[in-house]
Amino acid sequence: MDTFKKKEGSSPPQVWDLDSSLPFPCHPDHYVSNSFRPSFQPFSDYQRFFRIVYAPTFLQSFASDRRHMKNWNGNWIAPPPAHDPIVADV
């Protein structure tokens, strides 16, 4: 399932998903076949949707205040990472 073309002289594509149990970085083909299981078809009312975002664009606009890592009471579900929260460049 090789779905990626490599430009001459460019580095190979990589997926960095720190929330999965897959090794990282890993090749996109390995990531898709082991995390999304393309052979499994969801109910007909649902379909998968993926968005590939150019890394510099992502880094300019993405931020995370880690709210998703806390429970309804505001307590950490698991210890937070030691590094500072991600803030957007803008």
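In the block above lies the structure referred to throughout.
First, a word on what this report is: a plain description of the structure on this page. (Residues numbered from 1 in each chain as written. Predicted model: local features only at pLDDT ≥ 70, side-chain atom pairs only at ≥ 80, totals over all residues. Heavy atoms only, no water.)

### Quick notes on the overall build of the protein
Within the protein, the regular secondary structure consists of two helices and zero strands. A total of 90 residues make up the protein; the buried ones form 10% of that total. About 8400 Å² of surface is accessible on the protein, with carbon and sulfur atoms providing 57% of the total. (Helix = DSSP H or I, 4+ residues; strand = E, 2+ residues; numbered from the N terminus. Buried < 20%, exposed > 50% of the residue type's maximum accessible area, 1.4 Å probe, protein only. Areas by Shrake-Rupley, 256 points an atom, 1.4 Å probe, with all protein chains shown as cover.)

### Remarks on unusual backbone geometry
Cis peptide bonds are those with omega within 30 degrees of zero, and the linkage from Phe-24 to Pro-25 qualifies with -5 degrees. Note that Pro-25 resides in the segment before helix 1 (28–35). Although it is not a glycine, Arg-66 adopts a positive phi angle of roughly 70 degrees. Relative to the helices and strands, Arg-66 resides in the segment after helix 2 (55–61).

### Considering the side chain of Arg-66
Although buried, Arg-66 forms no salt bridge, and the nearest oppositely charged side chain, Asp-84, lies 6.4 Å from it. Those residues in contact with Arg-66 that lie beyond four places of it in its chain are Trp-76, Pro-80, Pro-81, His-83, Asp-84 and Pro-85. (Lys, Arg positive; Asp, Glu negative; His and termini not counted. Salt bridge = Lys/Arg side-chain N within 4 Å of Asp/Glu carboxyl O. Contact = heavy atoms within 4.5 Å.)

### Regarding the packing of aromatic side chains
The full count for this structure, using the stated rule, is two aromatic pairs. Pairing Trp-16 with Phe-24 gives two aromatic rings, centres 5.9 Å apart and planes at 50 degrees, and the pair type is tilted. Note on Phe-58 and Phe-62: the rings are 4.7 Å apart at their centroids and 20 degrees apart in plane angle, and the pair reads as stacked. Taking relative accessible area as the criterion, Phe-58 reaches 37% and is therefore assigned partly exposed. When the ring centre of Trp-76 is taken as reference, the NZ or CZ atom of Lys-70 above it lies at 4.6 Å. (Phe/Tyr/Trp six-rings, centres within 6.5 Å; stacked < 30°, edge-to-face > 60°. Lys NZ or Arg CZ within 6 Å of the ring centre and 35° of its normal.)

### Digging into the side chain of Ser-64
As for its placement among the helices and strands, Ser-64 is situated in the segment after helix 2. In this structure Ser-64 comes out as buried when scored by relative accessible area, which is 16%. A distance of 3.4 Å separates a polar atom in the side chain of Ser-64 from the backbone nitrogen of Arg-66. Dropping the residues within four chain positions of it, Ser-64 is found in contact with Pro-85 and Ile-86. (Polar contact = N/O pair within 3.5 Å; in protein donor to acceptor, adjacent residues only side chain to side chain.)

### A closer look at helix 1
Helical periodicity: at 3.6 residues per turn, an α-helix aligns residues three or four positions apart in one direction. The set of residues buried in helix 1 consists of Pro-28, Asp-29 and Tyr-31. Summarising the axial view, the buried residues of helix 1 lie within an arc of 165 degrees, below the 170-degree limit, and thus occupy one face. Of the residues one or two after helix 1, Arg-37 is the one with positive phi, at around 45 degrees. (Arc of directions from axis to C-beta.)

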